[in-house]
Amino acid sequence: MSDVILDAWDGPAIPVHALTETEAATALEADAFAAGLARTAEFKGRSGQVLQVPDAADGALGRVLLGLGEGGSTDPFRALAGKLPAGVYRIAEAPADIAADRIALAFALGSYRFDRYKRAKGETGAAGRARLLVEGCDLAEPRQVAHACALARDMVNTPANDMGPLQIETIAREIAEQHGGRITVIEGEGLLEANYPAVHAVGRAADPARAPRFIEIRWGDAGKPLVCVVGKGVVFDTGGLDIKPSAGMRLMKKDMGGAAHALALGRMIMAAGLPVSLAVLVPVVENAISGDAMRPGDVLDSRKGLSIEVGNTDAEGRLILADALTRACELEPALTIDMATLTGAARIALGPQLPPFYTDDEELAAQIEAAARAENDPLWRMPLWKPYADALDSDVAEIKNDPDGWAQAGSVTAALFLQRFAPSGPWAHLDIFAWNPRNRPGFPSGGEAQAIRGLYRMIRERFA
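Residues numbered from 1 in each chain as written. Predicted model: local features only at pLDDT ≥ 70, side-chain atom pairs only at ≥ 80, totals over all residues. Heavy atoms only, no water.

Chemist: So what about the overall build of the protein chain? Which residues, and what values?
Modeler: Within the protein chain one finds 15 helices and 20 strands. Taking 2.2 N^0.38 as the reference for a compact globule, 464 residues should give roughly 23 Å; the C-alpha atoms of the protein chain span a radius of gyration of 24 Å, in line with that estimate. Taking the principal axes of the C-alpha coordinates as reference, the protein chain spans close to 80 × 45 × 45 Å. Across the 464 residues that make up the protein chain, the buried fraction comes to 56%. Look at the contacts in the protein chain between residues 6 or more apart in sequence, and 76% of them connect residues 24 or more apart. When the accessible surface of the protein chain is split by element, carbon and sulfur atoms take 49% of a total near 18,800 Å². Charged side chains of the protein chain number 47 positive and 61 negative; the gap between the two group centres comes to 4 Å. (Helix = DSSP H or I, 4+ residues; strand = E, 2+ residues; numbered from the N terminus. Rg over C-alpha atoms; globule rule 2.2 N^0.38 Å. Buried < 20%, exposed > 50% of the residue type's maximum accessible area, 1.4 Å probe, protein only. Contact = heavy atoms within 4.5 Å. Areas by Shrake-Rupley, 256 points an atom, 1.4 Å probe, with all protein chains shown as cover. Lys, Arg positive; Asp, Glu negative; His and termini not counted. Charge placed at Lys NZ, Arg CZ, Asp CG, Glu CD.)

Listed below in structure tokens is the structure:
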């Protein structure tokens, strides 16, 4: 929510004092009135705790104490946005090791709301919420990053009836047009003519109004290093003929989270004018059920020419990514990143808050990890364990989309499948969740933008 951070304000602003536990204890010792309120509220400066201190003269809110715990994290500033009444605030005190632009971004991210389908109650827009005055820094980049993250979250939160292939194409066109990019869209039977057979096979069972398509955005000077960003765009996943149970299908509106993240990351890169050439590649399908649906046991062609046995129609994301990654190979990129809500196994391994990433490039892995730490945008590297690769061997085709059960490591084997189609240069695969399953301060339940802030920083620094 880029409109909640201000670089100028001509009215009064309520001061916010951001304090570690040690600093909070010292401050309260010198302020008997605030100390009394703190005892009642059990405020001790723990991370994310907020104490509203009224003005002694008129009882209006006079200042805010924000607990930072041991310090070092921007999460308390993200939580702050949802704990304040409407008004304008300013940071009066904060640790020197947390830059003002990082505070601004955290506050903007924490201000996100998805209320498209709710009747407006009370005052709406930025004036109806807390806003933060952040002085002494350029807010252009935090605003652009916050806007892109909100876009990804909006796309993931929007139900499939309003976020189909056409809607994703429309968003992609708007992003390309806004930033001077060029967009190509191949739809329906045209996918066969253009040699995207796996994308066509997965999406062909959908209603014609929700026909599959392949979206390619190109931006930047062709003489600069090419970054390819690939995102899985399954707008809804029934599981196909290997149909999911109702509980497994409930959140499948978010199976286009990789596409949402790819478009958001591409938007960040274009908005910042990074010195790269960019290709955003998004295969978009609905994994539906009809008489034309792919079947277990079918053998599909792929853009790379490898034949793929469909062992499970619910492992469709890797099929469409296979064609997209092959297209990336043809562009000879300097860096390829793919993002997908690919496996439940990734959640079993690491849970919903910590997406795994895979790469064989040690330098790239170190850069991704460093950028993720710097942006407080967590990731965890997982191994491309080669001894599991033969779990993907097929008796009738060159590879199959469901690994043999003995390998067990479903997220690892999915990454190994994608590696067969990925460019030979620096490549990383992210198995994201794109969802908060529970409310926590600054992280409302629903769609979440994972890893793209860290990836944006990595790309900015790698090609600086």
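Don't stop here, the text continues.
Chemist: Tell me about the sheet that holds strand β2 (residues 14–19), and name the residues and values.
Modeler: If you walk across this open sheet you meet the 6 strands as β1-β6-β5-β2-β4-β3, and the pairing is mixed. Edge positions in the sheet fall to β1 (5–6) and β3 (50–54), since each of these pairs with one other strand and no more. Pairing of β1 with strand β6 (residues 130–133) involves 2 bridges; the strand directions are parallel. Looking at the pairing, Leu6 lines up with Leu133 of β6. Strands β3 and β4 (61–67) of the sheet are contacted by helix α2 (residues 32–41), whose axis makes an angle of about 135° with β3. Each of β1, β5 (87–93) and β6 touches helix α4 (residues 100–110); the most contacted strand, β6, lies at about 170° to it. (Pairing = 2+ DSSP bridges. Axes fitted to C-alpha atoms, helices over the stretch in contact; angles between N-to-C directions.)

Chemist: I'd like to hear about α2, residue by residue, with values.
Modeler: Note that an α-helix has 3.6 residues per turn; residues three or four places apart therefore point the same way. Those residues of α2 that fall on the buried side of the exposure criterion are Ala34, Ala35 and Ala38. Each buried residue of α2 lies within a common arc of 100° when the element is viewed along its axis, so the set occupies one face. Within α2, the exposed residues directed more than 90 degrees away from the buried face are Ala32, Arg39 and Thr40. In this fold, the buried residues of α2 make contact with α1 (21–29), β3 and β4. Remark: Glu42 follows α2 within two positions and exhibits a positive phi of approximately 55°. (Arc of directions from axis to C-beta.)

Chemist: Outline the pattern of salt bridges, listing residues and values.
Modeler: Counted under the stated rule, the structure contains 27 salt bridges. A salt bridge links Arg210 to Glu286, with the shortest nitrogen-to-oxygen separation between them at 2.5 Å. Here Arg210 is found in the loop between α8 (197–203) and β8 (213–219), whereas its partner Glu286 is found in strand β11 (residues 277–287), with 76 residues between them in sequence. Exposure remark for Arg210: the relative accessible area of 19% places this residue in the buried category. (Salt bridge = Lys/Arg side-chain N within 4 Å of Asp/Glu carboxyl O.)

Chemist: Please give an account of the environment of Ile215 that cites residues and values.
Modeler: Looking at where Ile215 falls in the secondary structure, it is placed in strand β8. Relative accessible area serves as the criterion here: at 1%, Ile215 is assigned to the buried category. With 31 residues separating them in the primary sequence, Ile215 and Thr184 have C-alpha atoms 5.9 Å apart. Excluding its chain neighbours within four sequence positions, the residues that come into contact with Ile215 are Ile168, Glu169, Ala172, Ile183, Thr184, Val185, Val280, Leu281, Val282 and Val284.

Chemist: An account of the packing of α4 against helix α5 (residues 140–157) is needed here, citing residue identities and associated values.
Modeler: It is the contact of α4 with α5, at a shortest axis distance of 9 Å, that shows an interaxial angle of 25°. The angle between α4 and α5 falls in the class roughly parallel. With respect to the hand of their crossing, α4 and α5 are arranged in right-handed fashion. The residues of α5 that touch α4, namely those facing Asp101, Leu105, Ala108 and Leu109, are Pro142, Val145, Ala146, Cys149 and Arg153. (Parallel < 35°, antiparallel > 145°, perpendicular 65-115°, else oblique. Left-handed = near helix turned anticlockwise from the far one by under 90°.)

Chemist: Lay out the sheet that holds strand β12 (residues 299–300) with the relevant residues and their values.
Modeler: Across the sheet, which stays open at both edges, the 3 strands sit in the order β12-β13-β17 with mixed pairing between neighbours. Sheet topology places β12 and β17 (399–400) at the edges, where each strand pairs with a single neighbour. The pairing of β12 with strand β13 (residues 308–309) spans 2 bridges and is antiparallel. The residue of β13 that forms the bridge with Leu300 is Ile308.

Chemist: So what about the packing of aromatic side chains? Which residues, and what values?
Modeler: Per the stated rule, a full pass over the model turns up 4 aromatic pairs. Each ring, one from Phe114 and one from Tyr117, has its centre 6.1 Å from the other, and the planes form 55°; the classification is tilted. Residue classification places Phe114 among the partly exposed positions, given a relative accessible area of 26%. Note on Tyr196 and Phe214: the rings are 4.2 Å apart at their centroids and 20° apart in plane angle, and the pair reads as stacked. Of this pair, Tyr196 sits in the loop between α7 (190–193) and α8 while Phe214 sits in strand β8, placing them 18 residues apart in sequence. (Phe/Tyr/Trp six-rings, centres within 6.5 Å; stacked < 30°, edge-to-face > 60°.)

Chemist: Please provide a residue-by-residue account of the side chain of Glu216, values included.
Modeler: Topologically, Glu216 is positioned in strand β8. Judged by its relative accessible area of 10%, Glu216 is buried. Only 2.9 Å separates the side chain of Glu216 from the side chain of Arg327, close enough to count as a polar contact. When near neighbours in sequence (up to four residues on either side) are disregarded, Glu216 contacts Arg182, Ile183, Thr184, Tyr196, Val280, Leu281, Arg327 and Leu331. (Polar contact = N/O pair within 3.5 Å; in protein donor to acceptor, adjacent residues only side chain to side chain.)

So, to be careful, I would describe these as geometric facts and stop short of saying anything about function.
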